[in-house]
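The lines below spell out each chain.
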Amino acid sequence: MSPRFSFLPRKQALLIIPVTTMVAVLGVHQLTLSKQDNSTDHLSIEDSIKQLIPDSHADTVANTPAGSTVNAASALALVNALEGKATAAAPGFDREALIASVQSVSHVPVDQDDSATDADFEEPQYDARQDSHPALADEIDAKGNSADDWRVYTVQPGDSFTGIVSANLGMGYSEVMRLLKSAPDAKTRSMMTNIHDGSTISYRLNDNGDLVGLRIMNSPVKGVELTRSESNSAFAFDNVSGKVEKTERLFAGTVNGNFGGSAQATGLSSSEVAELTRVLAKKMNFHRQTRDGDHFQVLVQSDVVEGVPVSSRLMAAQYEGANANLKIVRYNDSFYTPDGKSLDPSFKRYPFSGSYRISSPFNLHRHHPVTGRIAPHHGTDFAMPTGTVVSAPSAGRVVQVGYNRFAGKMVVIDHGNGLKTRYLHLSRPLVKTGQQISAGQRIALSGSTGRVTGPHLHYEIMVDNRPVNPMRIKLPEGGTLSKAQLAAFRHTSQGMLAKLNDARHGEAYASAKPAKPSRGDDS
């Protein structure tokens, strides 16, 4: 602050009375005095200022920049000074008229009780970062300003790679375009630009604020990193992956109402409950066998990146009830009972996922819906939309892919041991004759080709080339582990079964590096 303003309080020094205001108010003062006493000498403006304001202050007021504003305290001080002069010269001076004159030229209301002090004033500050991306500015505050630190920005709705880098990381638009063109391949370029809400961009700046490192993570476990040295303007590209740690969580609960709701109440996510229900349903009927008060324990393993679970899988479970008692353990991505027997049958009942209505069952004396004649129906028809995926119920070899004007497009598979399956009225086969297929492999899409009344899948099972009812035939049981596999399985399952037992007796369990709690769908 200039030394010549040091005598004034801080607030009044910034809002000092302008010369134009003084001239106008003194003009009113002179007119008032002239009406009271015509003999009174008219003082010049300069002399009036000197009389109204002490000598030490006069220069300050006279040199106040034009266009300044008057604060309430200063205006009131002027009123008091003028009133004193006017009253001494002419009794009966009109104070209200003088206040109105001061207010009209100063544009500030004059409050005789104004108590504003220098402590109330806060000098405004400008933050240059307000002109940049506000969320990124917050990230900079949070991560510090060290040039050696990686700073992390979480992509927000509406963000784009080009916008973030060009606006906030020291690169012009044309430089960003050159950077994208320098990517080694289209896949890398896609990883850089296909950012989505919640993905992260880490960056590092040198002392001059230039970008020297950039890491874009499209998922917690996959991304691309760009680095450049001080002596080289070109970026080097590398694929990066997050460090994955595995953690285990135990859940225990009691059935109260339906099993799904009871399982989710323990803290399991909806996807974890879905997997648990699907696996247990291979050996249990939830509608008939579950009862309130039944107990269950579940062991889940999660992949964790930087403390956040990114995927999870069911490892073991135990159900104890009046009508069901079942233990399952995961081994080589399949589920087995503790004695090594597979939960998965070697031949599945249905050649599709989900549930579809049987529109026409196996019937050797069916009344044909098109011809109206009695003709045997050697399969089971499932009403399903055209394009529904059809999968192999067991491993085998494709022996026929063809077309018939009655059966439409069809596929025939030989599963060995005298078993064959046929799939009719398909919209598109996905396999070729002679091809070896595995259980669960996609073999076709359902449709409405051939002589039909609507889209559906006609499914047949033949034993020694004779058609049988697909819904009633006793299918081959699941396999059992070999002796060598059984030894390894028992070693692995022993620890998981012990953890389930701990949960059954209320003993808490957590891995050495537990994940942060997450109740959303993890997989």
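Residues numbered from 1 in each chain as written. Predicted model: local features only at pLDDT ≥ 70, side-chain atom pairs only at ≥ 80, totals over all residues. Heavy atoms only, no water.

Chemist: Any details on the overall build of the protein chain? Residues and values, ideally.
Modeler: Assigned secondary structure in the protein chain consists of 14 helices and 22 strands. The 523 residues of the protein chain split such that 40% are buried. Partitioning the intrachain contacts of the protein chain with sequence separation of at least 6 by distance along the chain shows that 60% fall at a separation of at least 24. As presented, the protein chain carries roughly 28500 Å² of accessible surface, and 49% of it is formed by carbon and sulfur atoms. (Helix = DSSP H or I, 4+ residues; strand = E, 2+ residues; numbered from the N terminus. Buried < 20%, exposed > 50% of the residue type's maximum accessible area, 1.4 Å probe, protein only. Contact = heavy atoms within 4.5 Å. Areas by Shrake-Rupley, 256 points an atom, 1.4 Å probe, with all protein chains shown as cover.)

Chemist: Which residues make up the pattern of salt bridges, and what values go with them?
Modeler: Counted under the stated rule, the structure contains 10 salt bridges. A salt bridge links Glu 248 to Lys 499; the nearest nitrogen and oxygen atoms lie 2.6 Å apart. Highlighted residues: Glu 248 in strand E6 (residues 244-254) and Lys 499 in helix H14 (residues 483-504), separated in sequence by 251 residues. Just as Glu 248 is buried, Lys 499 falls in that class too. Here Asp 303 and Arg 313 are joined by a salt bridge, their closest N and O atoms 2.7 Å apart. Placement of the pair is Asp 303 in strand E7 (residues 295-305) and Arg 313 in strand E8 (residues 308-320), with a sequence separation of 10 residues. The same class applies to Asp 303 and to Arg 313, which are both buried. (Salt bridge = Lys/Arg side-chain N within 4 Å of Asp/Glu carboxyl O.)

Chemist: An account of the packing of aromatic side chains is requested, with residue identities and associated values reported.
Modeler: For the coordinates displayed, the defined rule picks out 11 aromatic pairs. The rings of Phe 259, Phe 286, Phe 296 and Tyr 319 are connected pair by pair, giving a single aromatic cluster. Over the aromatic face of Trp 150 sits the side chain of Arg 215, whose NZ or CZ is 4.3 Å from the ring centroid. (Phe/Tyr/Trp six-rings, centres within 6.5 Å; stacked < 30°, edge-to-face > 60°. Lys NZ or Arg CZ within 6 Å of the ring centre and 35° of its normal.)

Chemist: Describe the sheet that holds E6, with residues and values.
Modeler: Read across the sheet, five strands follow the order E6-E7-E8-E9-E10 without closing on themselves; strand pairing throughout is antiparallel. Each edge of the sheet is formed by a strand with only one pairing partner; in this case those strands are E6 and strand E10 (334-336). Averaged over all adjacent pairs, the angle separating strand axes in this sheet is 30°, with direction ignored. Inspection of the sheet shows E7 paired to E8 by 11 bridges, in the antiparallel sense. Across the sheet, the residue bridging to Gln 301 is Arg 313, located in E8. The strands that H14 touches are E6, E7, E8, strand E9 (325-331) and E10; relative to E9, the one it contacts most, it runs at about 125°. (Pairing = 2+ DSSP bridges. Axes fitted to C-alpha atoms, helices over the stretch in contact; angles between N-to-C directions.)

Chemist: Explain the nonpolar core to me, and be specific about the residues and the numbers.
Modeler: Here is a general trend for soluble globular proteins: nonpolar side chains tend to be buried in one another's company. Residues Phe 161, Met 192, Leu 214, Ile 216 and Leu 226 are the most contacted members of the largest nonpolar core, which totals 24 residues. The set of elements that each furnish at least two residues to this core consists of helix H8 (161-168), helix H9 (173-181), helix H10 (186-193), strand E2 (200-205), strand E3 (211-219) and strand E4 (222-227). In this view, Met 192 contacts Phe 161, Leu 179, Leu 180, Ala 183, Ile 216, Val 224, Leu 226 and Phe 237; residues no more than four positions away in its chain are not counted. (Core = buried A, V, L, I, M, F, W, Y, C linked by side-chain atoms within 4.5 Å.)

Chemist: Can you lay out the environment of Asp 149 for me, pointing to particular residues and giving the numbers?
Modeler: Mapping Asp 149 onto the fold places it in the loop between helix H7 (134-143) and strand E1 (151-154). Judged by its relative accessible area of 32%, Asp 149 falls in the partly exposed class.

Chemist: Kindly report on the packing of H8 against H9, identifying the contributing residues and their values.
Modeler: Each pair of packed helices can be described by the angle between their axes along with the distance between the axes. Interaxial distance between H8 and H9 falls to 9 Å at its minimum, and their mutual angle equals 130°. Looking at the two axes, H8 sits oblique to H9. Handedness of the H8/H9 crossing: right-handed. In contact with Phe 161, Thr 162, Val 165 and Ser 166 of H8, H9 contributes Tyr 173, Val 176, Met 177, Leu 179 and Leu 180. Residues of the contact of H8 with H9, tallied by class, amount to seven nonpolar, two polar and no charged. (Parallel < 35°, antiparallel > 145°, perpendicular 65-115°, else oblique. Left-handed = near helix turned anticlockwise from the far one by under 90°. Nonpolar A, V, L, I, M, F, W, Y, C, P; charged D, E, K, R; others polar.)

The values reported here are purely geometric and, on their own, carry no functional implication.
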